[in-house]
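Structural overview
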Amino acid sequence: MTPRDQEIRERLVAALPALRRFTRALTRHAADADDLAQAAIARALDRAGQYAPGTRFEAWLFRIARNLWLDQLRRRKVRGPAIGLEAAEHAADAPGAGAAERQLLLVQTMAAFDALPEPQREVAALVLLEGFAYQEAADILAIPLGTVMSRLHRARRTLAERLLGPEADPDPAGARPS
Amino acid sequence: MITDLELMAFIDGELDPLRAEEVARAIAANPALARRAARLGAVGDILVRAFAAETSSPPAPALTAALTRPRRASARQAWPAAAAMAAGLAGVVFGMALPDAPGAASARVALADGLTPGPVLAAALDEAPSESARVAGVWRVTLRTSLRAEDGRLCRAFDATGQGSTVAGAACLEPQGWRLVALAPGPKAADGFTLADGGEPPPVAAALDALGAQTPLSAEAEAALIAARWRERS
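Cut-offs applied
- Residues numbered from 1 in each chain as written.
- Chains lettered and ligands numbered in written order.
- Predicted model: local features only at pLDDT ≥ 70, side-chain atom pairs only at ≥ 80, totals over all residues.
- Heavy atoms only, no water.
- Helix = DSSP H or I, 4+ residues; strand = E, 2+ residues; numbered from the N terminus.
- Buried < 20%, exposed > 50% of the residue type's maximum accessible area, 1.4 Å probe, protein only.
- Contact = heavy atoms within 4.5 Å.
- Areas by Shrake-Rupley, 256 points an atom, 1.4 Å probe, with all protein chains shown as cover.
- Axes fitted to C-alpha atoms, helices over the stretch in contact; angles between N-to-C directions.
- Parallel < 35°, antiparallel > 145°, perpendicular 65-115°, else oblique.
- Left-handed = near helix turned anticlockwise from the far one by under 90°.
- Nonpolar A, V, L, I, M, F, W, Y, C, P; charged D, E, K, R; others polar.
- pLDDT = per-residue confidence, 0-100.
- Polar contact = N/O pair within 3.5 Å; in protein donor to acceptor, adjacent residues only side chain to side chain.
- Expected span 1.5 Å × (residues − 1).
- Core = buried A, V, L, I, M, F, W, Y, C linked by side-chain atoms within 4.5 Å.
- Salt bridge = Lys/Arg side-chain N within 4 Å of Asp/Glu carboxyl O.

**Topic: the overall build of chain B**
- Across its full length, chain B carries nine helices and seven strands.
- In chain B, which comprises 234 residues, the share counted as buried stands at 45%.
- Sequence-distant contacts, at least 24 apart, represent 50% of the contacts inside chain B between residues at least 6 apart.
- Total accessible area computed for chain B in this model is approximately 11000 Å², and 57% of it derives from carbon and sulfur atoms.

In structure tokens form, the structure reads like this:
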């Protein structure tokens, strides 16, 4: 194993939690997410020489994962969300407290996220979960900065309505929907 | 005037410092604007917590294995190469100088128990009905049969062609996912694997025999398992 390989491996280990979040966001399915992460790791190791030192490693890795995912999407029809919104809403009616409520919020949140269109999911995953700057997300996804912002905004509005309920007191003088 | 997009950019730290300061003052002075900002910000916090819980389970064993596996010549050769190496059959690397004579194949039985199929094969095992083929890159994986082994495991026999060569094998479902129980090189074939009498090539047949009494799955049972991603109701 060359020192370069070793370095890539160490970075992959460090990036694994972030990679699993990102692949979960793309695939909407825990098992598929690990499959995709595994394929991305294999490809990253095969192409270790293509990583440009000094650039953000996760950005390089996520691009690999996303390209693999797009390949898969082209090849097969993808399953729907693992948990439908209806199921989550139904579950929310059940009584519960403490850990159970947290579990419900988790289920609701993942269901609401999974119900977002794919372009919004990937932008939200990059910016909200991984803290990429808008421009970094735009580079990873190869889309304009303005598109990142509008997709992120739509994703946030939808999630806020589903998870926090309708806005109580919109103030037209303070902020305008754009 | 502060638009929703600007408010979002403020929360994400994307505004230039001058404008950010103006927005911060406006939020301090306007409770409705503050509520709106809090809502937008809360979405990110909720997502972070949900994803942390969602991905807190240990990664699949194959995923951590991928990090320690020796580097391969090519990702596409992953599963046969790994299988051949693990079985101590360095010469039987898929896509490399397989023997031309079909008879030589049987001498190189690759009984590769406990091996994880690669992504291409795993996807075919998961999703392809029997007697249908999945094409991925240079690979064409054809599922032959699904059956239940004596010990209760669900198993599938398959063959795969790519780069002018053919391998045949069988995999059984373990709690961790599909595991190869047999993998053997077949004769060179232009399109698909030609099976005499509709049976498996001898090495794979031998491996299947080792599974004991077998019950073939009906097409309906197989379709139901594919739809359920091979998770059985217990």
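Still more ground to cover, so stick around.
**Looking at the packing of helix H3 (residues 57-75) of chain A against helix H7 (residues 134-141) of chain A**
Residues and elements named next belong to chain A.
- One can describe the packing of H3 onto H7 by two numbers: an axis separation of 9 Å at closest approach and a directional angle of 40°. The angle between H3 and H7 places the two elements in the oblique class. Of the two possible hands of crossing, H3 and H7 adopt the one that is right-handed. Residues Ala59, Arg63 and Arg66 of H3 pack against Asp139, Ile140 and Leu141 of H7.
- Of the residues that constitute the contact of H3 with H7, the class distribution is three nonpolar, no polar and three charged.

**With respect to the confidence of the model for chain B**
All names here are of chain B.
- On average, residues of chain B score 69 in pLDDT, and 62% of them are at 70 or above.
- Highest mean pLDDT in chain B belongs to helix H1 (residues 4-11) (92); lowest belongs to helix H6 (residues 102-106) (27).
- pLDDT under 50 marks residues 71-114. Its contacts with residues more than four places away, or in other chains, come to 78 contacts.
- Segment residues 187-198 is flagged for pLDDT under 50; beyond a separation of four residues in sequence, or across chains, it makes 17 contacts in the model.

**So, the packing of helix H1 (residues 3-27) of chain A against H3 of chain A**
Residue and element names in this part refer to chain A.
- Relative orientation of the contacting elements H1 and H3 amounts to 45°, with a least axis distance of 9 Å. Viewed along their axes, H1 and H3 adopt a mutual orientation that is oblique. Both H1 and H3 take part in a crossing whose hand is right-handed. Judged by residue contacts, Ile8, Arg11, Leu12, Ala15, Ala18, Leu19, Phe22, Thr23, Leu26 and Thr27 of H1 engage Phe57, Glu58, Leu61, Phe62, Ala65, Arg66 and Trp69 from H3.
- When grouped by side-chain class, the residues that make up the contact of H1 with H3 number twelve nonpolar, two polar and three charged.

**Quick word on the side chain of Glu122 of chain A**
Residue and element names in this part refer to chain A.
- Residue placement: Glu122 occurs in helix H6 (residues 118-129).
- Since its relative accessible area comes to 5%, Glu122 is described here as buried.
- Side-chain polar atoms of Glu122 contact the side chain of Arg66, separated by 2.8 Å.
- Filtering out sequence-adjacent residues up to four positions away, Glu122 remains in contact with Phe22, Leu26, Arg66 and Leu141.

**A short note on helix H2 (residues 30-46) of chain A**
- Its 17 residues place the ends of H2 of chain A 24 Å apart at the C-alpha level, agreeing with the 24 Å of an ideal helix rising 1.5 Å per residue.
- Burial runs high along H2 of chain A: 13 of the 17 residues are buried.

**Description of the nonpolar core**
- The biggest cluster of nonpolar side chains holds 72 residues, and the ones touching the most others in it are Leu12 and Ile41 of chain A.
- Ranked by size, the runner-up nonpolar core spans 17 residues in total, among them Leu121, Ala124, Leu125 and Val167 of chain B.

**Considerations on the pattern of salt bridges**
All names here are of chain A.
- Across all of its chains, the model carries 20 salt bridges over all chains by this definition.
- A salt bridge links Glu130 to Arg21; its shortest N-O distance comes to 2.9 Å. On the criterion of sequence distance, the pair formed by Glu130 in the loop between H6 and H7 and Arg21 in helix H1 is long-range, its members being 109 residues apart.
- A residue is classified by how much of its surface remains accessible, and Glu130, at 12% relative accessible area, is buried.
- Overall, the relative accessible area of 22% leaves Arg21 in the partly exposed class.

**Comments concerning unusual backbone geometry**
- Positive phi, close to 65°, is recorded for Glu131 of chain B, a residue that is not glycine.
- By secondary structure assignment, the location of Glu131 of chain B is in the loop between helix H7 (119-127) and strand E2 (133-136).

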